[in-house]
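# Working through the structure, step by step
As a plain string of letters, each chain reads:
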Amino acid sequence: VFYQIYPLGFCGAPFENDGNQESRILKVIDWIPHIEKLGANAIYFSPVFESDTHGYNTRDYTKIDVRLGTNDDFKKVCDQLHKAGIKVVLDGVFNHVGRGFWAFEDVRKNLQSSPYCSWFQNLNFGGNSPWGDPFWYEGWEGNYDLVKLNLRHPDVKKHIFDAVAMWMEKFKIDGLRLDVAYCMDQDFLRELKHFCKSRDNQFWLMGEIIHGDYARLANPDLLDSCTNYECYKGIYSSHNDHNYFEIAHSLNRQFANGGIYHNIYTYNFVDNHDVNRLASTIREPENLKNAFSVCYFMPGVPSVYYGSEWGIK
């Protein structure tokens, strides 16, 4: 059972990275008794590494965000969670980085003479970027503050894998949730899986998939699990519309005899950091517990987004 924490929000960090170090992440230790009381035995932390603003625009994969504290602070948190029997899964944001990422800053400073030009997807000097750079690059889904990495570049892969190895060694993490896995290079995912499982064969790899066939990524060749957005939608809308055939159809389609995902242990949720909280989405507050019940009793692993256990909007 997962408890999801978005650390920058949970810890009350400022939105912009102001460079001021504060050990806010230690707050998680005080919450361990509550997390245990809920029956959760794993935490999925949204991004914890140094970033420009919201965590998904990484500056440095090897350093905990200064707004949260130091690497040693986070090690204390992980040690206490593991002592309580709670596993730790981190957000692996490998598809893109922020404009403050150290290698991208080198490109902005040194232009064609930077050794990192080929680290970024389709970076070329044939035109200007929307940010006014004298070069163009790919942004994730048109967001140019999220610079797409070239995940086929051997040095990029080595840099990411070295960071993951450090997380496994220093923080003893138990798994990764791969941001926007649905649009990532599958050869990269395959290599990442081999890299992680060769160090810990119980290591858990979960991918973010919003639409399409989950089995494309959640299969013996690639990832162990994926986000179940189909049932996320069905859980709240079947209650809102009093149309329980909707969620029944999804559950049968996915998990019944001959169900298309009966071999996939999906990651189930009623809300998360990317969508409105359940209490804001569900029309009748008395259905909050019913919605959580569906999430807990359907096949797969249930997750609670911090604060939603109190019906926070």
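Preceding block: the structure.
Every residue gets a number counted from 1 within its own chain, in the order that chain's sequence is written. Two thresholds apply to this predicted model, a pLDDT of at least 70 for residue-level local features and 80 or more for giving and counting side-chain atom pairs, whereas whole-chain, interface and lining totals are computed over all residues. Only hydrogens and water are set aside; all other atoms, that is, all heavy atoms of the structure, feed into the side-chain values.

## Notes on the overall build of the chain
Helices and strands together make up the secondary structure of the chain, namely ten helices and 13 strands. C-alpha atoms define the radius of gyration in this analysis, and the globule rule sets the expected value at 2.2 Å times the number of residues to the power 0.38. Taking 313 residues into account, the globule formula puts the C-alpha radius of gyration at 20 Å, and the chain, at 20 Å, falls close to it. With the C-alpha coordinates aligned to their principal axes, the bounding extent of the chain is approximately 60 × 40 × 40 Å. We call a residue buried when its accessible area falls under 20% of the maximum for its residue type, exposed when it is over 50%, and partly exposed in between, using a 1.4 Å probe and counting protein chains only. Looking at the chain residue by residue over its 313 residues, the buried ones come to 54%. Within the chain, residue pairs in contact and separated by at least 24 positions form 68% of the contacts whose partners lie at least 6 positions apart. For the chain, the accessible area works out to roughly 13,600 Å², and carbon and sulfur atoms hold 50% of it. Neither His nor the chain ends is counted toward charge; the positive residues are Lys and Arg and the negative residues Asp and Glu. By convention, the charge on Lys lies at NZ, on Arg at CZ, on Asp at CG and on Glu at CD. Each charge sign in the chain was given a centre, from 31 positive and 40 negative side chains, and these centres are 3 Å apart. By definition, any uninterrupted DSSP run of H or I lasting at least four residues is a helix, any uninterrupted run of E lasting at least two residues is a strand, and each is numbered from the N terminus. Every residue pair with non-hydrogen atoms within 4.5 Å of one another is taken to be in contact. Shrake-Rupley sampling with a 1.4 Å probe provides the accessible areas, and residues are treated as covered by the protein chains on show and by no other component.

## What to know about the environment of Asn 71
With respect to the element layout, Asn 71 can be found in helix α3 (residues 71-83). What Asn 71 contacts, discounting residues up to four positions off in sequence, is Thr 62, Lys 63, Ile 64, Met 166, Lys 170 and Phe 171.

## Let's talk about the sheet that holds strand β2 (residues 42-45)
Each strand in a sheet pairs with its neighbour through backbone hydrogen bonds, running either in the same direction (parallel) or in the opposite one (antiparallel). Strands qualify as paired when DSSP identifies two bridges or more between them. With parallel pairing, the eight strands of this open sheet are ordered in space as β11-β10-β9-β5-β2-β1-β13-β12. Since the sheet does not close on itself, it has two edges, and those belong to β11 (225-226) and β12 (267-269), each with one partner. Where strand β1 (residues 2-5) lies against β2, four bridges are found, and the strand directions are parallel. Within the sheet, the bridge partner assigned to Phe 2 lies in β2 and is Ala 42. Lines are fitted to the C-alpha atoms to define the axes, a helix being fitted only along its stretch in contact, and any angle between axes, read from their N-to-C directions, falls within 0 to 180 degrees. Sitting on the sheet, helix α2 (residues 27-38) touches β1 and β2, and the angle it makes with β1 is about 145°. Here α3 sits on the sheet in contact with β2 and β5 (87-92), set at roughly 140° to β5.

## Topic: the packing of α3 against helix α5 (residues 154-171)
Look at α3 against α5: their axes get within 9 Å of each other, and the N-to-C directions meet at 60°. In terms of axis orientation, α3 runs oblique to α5. Contacts from Asn 71, Asp 72, Phe 74, Lys 75, Cys 78 and His 82 of α3 reach α5 at Met 166, Lys 170 and Phe 171. Should an angle lie under 35 degrees it is considered roughly parallel, over 145 roughly antiparallel, and from 65 to 115 roughly perpendicular; all remaining angles are considered oblique.

## Things to note about the sheet that holds strand β8 (residues 143-148)
Spatially, the three strands line up as an open sheet ordered β6-β8-β7, and their pairing is antiparallel. Where the open sheet ends on each side, the last strands, each with one partner, are β6 (96-98) and β7 (139-140). Of the pairings in the sheet, the one linking β6 to β8 comprises three bridges and is antiparallel in character. Residue pairing across strands places His 96 opposite Lys 148, the latter belonging to β8.

Purely geometric numbers; function is a separate question.
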